[in-house]
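Next come the chains, spelled out residue by residue.
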There are 2 protein chains.
Amino acid sequence: MSDKKLTLNDIARLSGVGKSTVSLVINNSEKVKKATREHVEAIIKQYGYTPSKAAQALRSQREKIIGVVVTRLDSASENRAIRAILPHIYQQEYDAILMESLLDPKLLEGHLHVLEQRNVEGVILFGFSGVNKKIIKNWKNKLVLIASALPDFASVIYDNAGAVKLLMEKMKNDGHRNVSYIGVTSNDITTGSTRYQTYLTYCEKFGYRPTAALGDLSYQSGYDLAKEILTPETSALICASDTIALGAIKYIKEQGWEIKVGSIGSTPLMTFLQPDVISVRLGYQEAGLKASQLLMDMLRGEKTHEHVIIPCAIQ
Amino acid sequence: MSDKKLTLNDIARLSGVGKSTVSLVINNSEKVKKATREHVEAIIKQYGYTPSKAAQALRSQREKIIGVVVTRLDSASENRAIRAILPHIYQQEYDAILMESLLDPKLLEGHLHVLEQRNVEGVILFGFSGVNKKIIKNWKNKLVLIASALPDFASVIYDNAGAVKLLMEKMKNDGHRNVSYIGVTSNDITTGSTRYQTYLTYCEKFGYRPTAALGDLSYQSGYDLAKEILTPETSALICASDTIALGAIKYIKEQGWEIKVGSIGSTPLMTFLQPDVISVRLGYQEAGLKASQLLMDMLRGEKTHEHVIIPCAIQ
DNA sequence: CTGTTAGCGCCTTCAA
DNA sequence: TTGAAGGCGCTAACAG
């Protein structure tokens, strides 16, 4: 533990081979005799040698770092995705730089600029409405979008339409005929409008009269919009997120109404506080893992861009 | 944007000076004539040159990376601290590697090992009961503990005693004589026992009969322990965290009781859902910022270790 | 105060 | 299949 760092040179001397042989071993090249490789690997393990990232980066001109830009660190959904992303990245011997966009395109642009300057190899970006092709144009083939999609860029998106469909069908099967909706406009256009449109589509299909309101992702917005659109006749409510649902439920309880609530997210908090809410889980962990796998494939040149949809399910 | 990266050499040529002069300018050395420095800086800005991290690291043998190990990514309190830490680290031209210990000493040990191998310069570690001197012994003078303290290591801790004191005094002033307590054992010994002990101390001081239970930080634990110790006679309850409080409140509401709840944390969720809860904010952001400032000072050799207590306040 | 020089640890030709 | 040599971009002596 106290010995100074060993170098590739030391390992070469200790195992009686040349530097380049050791280098080949490290990089899993096929061009080393099996006996030699095993001997060198034994020495490496014995002395606990690890190649210097700095030297590798300098020599190869690649930094082995992935930038991860979330919209909010305290978003429960993004948190779960990050939990899958970080270990996967570390496991691939990459480092991760985590940043927060706060849904601000200017801030995002700054972050991407920093990442570019640091020679970061790839980026995983949680989308929002301010993300456009221009901002990320320098990252073709080395950026994966999560939760929103853009032509020519890889993306992993949630099955927003499927989630609303599940909820609408469930409500219908449970006999609800008066189903309202509270969603979002501002977060991510795709997410927001897909969910809303799907709600409208199913209203029409089922012959329901749509009653909807759109706001932001906060508890307060859920509360305010609930006050605006709910009536004693409302029998069910679908919310675009758990935070909105918690806000709406607060209002519903204050009124003493009985309204069945369905929500997209399925956070532990919701499951605990309101177990009778119908929760759809979008698959955040799966999305995170998928995104980092996809990015790694792209960096290896095994894929260009690709669009993945993560399936959802009622909890 | 499309030009290949400039090197220090290019800048030297372009500004008609030697490489080392440029190096000195980059590193803000005092030993450069003002005119020369300004000229070189102008060229640097004009061409948008940024020094190669890899080369700097290789040459100087320092990686300019800080490891940040939280207990849980989805902890609201740690989240707020991270929000202060990351920007501060990036701003100092450092990178941050974020990891999650999940309160598991083995996992933490693995993470610290990885960080050591990557030549990470310093670590900010969110403490829990499994953290001991042995695990972090290799990090003397380059590690700052948050939320717990250990001799010979720098730490930034919350004013746990002060928080409970504030709550107890407030309850007393509001006329409550039957004040229960729900806390934690498992998370962090210091945090858990300090808060509990302070509760006991003030019970004695005020002549109250203590009624307390200790569990973990989950909603469920709060709920279960509430069921265990609360009675219709209980007039107030102090909870060691917002999550516990939310669990306890659920039980209280189910019983239809009127119990004044005080809690430590002051998360937006709590403020929204239960505005009448008395919340003490511990100063997470301040703690995060303080910790990274302290670490930077230590890395610069300006400080060795130091213990900082962040003041708390009723929201 | 500024230029010259010699590596930091590794990967990549090029020979052998 | 393996060894030797050169250089990635930068910093830190040491001269001037």
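Residues numbered from 1 in each chain as written. Chains lettered and ligands numbered in written order. Predicted model: local features only at pLDDT ≥ 70, side-chain atom pairs only at ≥ 80, totals over all residues. Heavy atoms only, no water.

Chain A is annotated in an unreviewed UniProt entry as Trehalose operon repressor of Mixta gaviniae.

A.B. asks: What is the right way to read the overall build of chain A from this model?
C.D. replies: On a plain count of helices and strands, chain A comes out with twelve helices and twelve strands. Taking 315 residues into account, the globule formula puts the C-alpha radius of gyration at 20 Å, and chain A, at 25 Å, lies well above it. Looking at chain A as a whole, 50% of its 315 residues are labelled buried. Put simply, of all contacts in chain A between residues at least 6 apart along the chain, 65% involve residues at least 24 apart. Carbon and sulfur atoms make up 51% of the accessible area of chain A, which totals about 14500 Å². Separation of charge centres in chain A, based on 38 positive and 33 negative side chains, amounts to 6 Å. (Helix = DSSP H or I, 4+ residues; strand = E, 2+ residues; numbered from the N terminus. Rg over C-alpha atoms; globule rule 2.2 N^0.38 Å. Buried < 20%, exposed > 50% of the residue type's maximum accessible area, 1.4 Å probe, protein only. Contact = heavy atoms within 4.5 Å. Areas by Shrake-Rupley, 256 points an atom, 1.4 Å probe, with all protein chains shown as cover. Lys, Arg positive; Asp, Glu negative; His and termini not counted. Charge placed at Lys NZ, Arg CZ, Asp CG, Glu CD.)

A.B. asks: Explain the protein's contact with DNA strand C to me, please; I cannot follow it from the model alone.
C.D. replies: Contacts to DNA strand C come from 25 residues, most closely from L8 and R59 of chain A together with G18, T36 and R59 of chain B. Taken together, the sugar and phosphate atoms account for 61% of what DNA strand C places within 4 Å of the protein. Backbone polar atom of K33 of chain B to a phosphate oxygen of DNA strand C: 2.9 Å apart, as the coordinates give it. Within the contact set of DNA strand C, a phosphate oxygen lies 2.4 Å away from a side-chain nitrogen or oxygen of T36 of chain B. When residues of the surface near DNA strand C are traced back to their parent elements, those giving at least two are helix 2 (19-26) and helix 4 (53-60) of chain A together with helix 2 (19-26) and helix 4 (53-60) of chain B. Here the surface near DNA strand C is built from residues that sort into seven nonpolar, twelve polar and six charged. (Near = heavy atom within 4 Å. Polar contact = N/O pair within 3.5 Å; in protein donor to acceptor, adjacent residues only side chain to side chain. Nonpolar A, V, L, I, M, F, W, Y, C, P; charged D, E, K, R; others polar.)

A.B. asks: Please explain the protein's contact with DNA strand D as it appears in this structure.
C.D. replies: Residues in contact with DNA strand D amount to 25 residues; listed here are only the nearest, G18, T36 and R59 of chain A together with L8 and Y49 of chain B. Backbone atoms, meaning sugar and phosphate, make up 59% of the atoms of DNA strand D lying within 4 Å of the protein. K33 of chain A places a polar main-chain atom, nitrogen or oxygen, 3.0 Å from a phosphate oxygen of DNA strand D. Within the side chain of Q56 of chain B, one N or O atom sits 3.1 Å away from a phosphate oxygen of DNA strand D. Listed by contribution, the elements that provide at least two residues to the surface near DNA strand D are helix 2 and helix 4 of chain A together with helix 2 and helix 4 of chain B.

A.B. asks: Help me understand the layout of surface pockets, please; the structure alone is not making it clear to me.
C.D. replies: Rolled over the atoms, a probe with the dimensions of a water molecule shows which regions are left empty. Its volume calculated, the second largest pocket comes out at about 1800 Å³. Along its surface, the second largest pocket is lined by 49 residues, and T50, P51, S52, K53 and Q56 of chain B are the ones closest to its centre. Every element with two or more residues in the lining of the second largest pocket is listed here: helix 4 and helix 6 (105-117) of chain A together with helix 2, helix 3 (34-47) and helix 4 of chain B. No other element matches helix 4 of chain B, which puts seven residues into the lining of the second largest pocket. Partitioned by chemical class, the residues of the lining of the second largest pocket number 17 nonpolar, 13 polar and 19 charged. (1 Å grid on protein atoms, 1.4 Å probe; cavity = no way out; pocket = protein on both sides within 12 Å on 5 of 7 lines; lining within 4 Å. Points joined across faces, edges and corners; volume = space filled by probe spheres on them.)

A.B. asks: What is the right way to look at helix 5 (residues 76-91) of chain A in this model?
C.D. replies: Given 3.6 residues per turn, any residue in an α-helix points the same way as the ones three and four places further on. Residues and elements named next belong to chain A. In this model helix 5 runs 23 Å from its N-terminal to its C-terminal C-alpha over 16 residues, within 8% of the 22 Å that 1.5 Å per residue would give. By the burial criterion, the buried members of helix 5 are E78, N79, A81, I82, R83, A84, I85, L86, H88, I89 and Y90. Among the residues trailing helix 5, E93 stands out with phi positive, at a value near 65°. (Expected span 1.5 Å × (residues − 1).)

A.B. asks: In this structure, what is going on with the interface of chain A and chain B? I would like to understand it.
C.D. replies: Often the size quoted for an interface is simply the accessible area lost on bringing the parts together. On the side of chain B, 44 residues touch chain A, which itself brings 44 residues to the contact. Summing both sides of the interface, chain A and chain B together bury roughly 3700 Å²; the carbon and sulfur share of this comes to 59%. Its largest share of buried area at the contact with chain B, chain A owes to R83, R118 and F272 of chain A, together 20% of the area lost on that side. Between chain A and chain B we count six salt bridges in total. A salt bridge links D95 of chain A to R118 of chain B; the shortest N-O distance between them is 1.6 Å. For the interface between chain A and chain B, the tally reads 14 residue pairs in polar contact (both at pLDDT 80 or more). (Buried area = accessible area lost by both parts, 1.4 Å probe. Salt bridge = Lys/Arg side-chain N within 4 Å of Asp/Glu carboxyl O.)

A.B. asks: In this structure, what is going on with empty space enclosed by the protein? I would like to understand it.
C.D. replies: Counting across every chain of the model gives two cavities of 30 Å³ or more. If you add up the space inside the largest cavity, you get close to 40 Å³. Taken together, L73, N79 and I82 of chain A together with L73, N79, I82 and L98 of chain B form the lining of the largest cavity. Sorting the residues of the lining of the largest cavity by element identifies helix 5 of chain A together with helix 5 (76-91) of chain B as the ones contributing at least two each.

A.B. asks: Explain the sheet that holds strand 8 (residues 236-239) of chain A to me, please; I cannot follow it from the model alone.
C.D. replies: Residue and element names in this part refer to chain A. Taken in spatial order, the six strands of this open sheet run 7-6-8-9-10-12, and their pairing is mixed. Looking at strand neighbours, the two that pair on one side only are strand 7 (211-215) and strand 12 (313-314), the edges of this open sheet. Two elements, strand 10 (residues 278-281) and strand 12, share two bridges in a ladder whose sense is antiparallel. For R281, the partnering residue across the bridge sits in strand 12 and is A313. Strands in contact with helix 9 (residues 219-229) are strand 6 (179-184) and strand 7; relative to strand 7, the strand with the most contacts, it is inclined by about 150°. (Pairing = 2+ DSSP bridges. Axes fitted to C-alpha atoms, helices over the stretch in contact; angles between N-to-C directions.)

A.B. asks: For this particular structure, what's the right way to read the sheet that holds strand 6 (residues 179-184) of chain B?
C.D. replies: Hydrogen bonds between backbone groups are what pair the strands of a sheet, and the pairing can be parallel or antiparallel. Residues and elements named next belong to chain B. Taken together, the six strands give an open sheet; going across it, the order is 7-6-8-9-10-12, and neighbouring strands pair in mixed fashion. What marks the edges here is a single partner per strand, and that holds for strand 7 (211-215) and strand 12 (313-314). The sheet strands contacting helix 9 (residues 219-229) are strand 6 and strand 7, and the helix crosses strand 7 at an angle near 150°.

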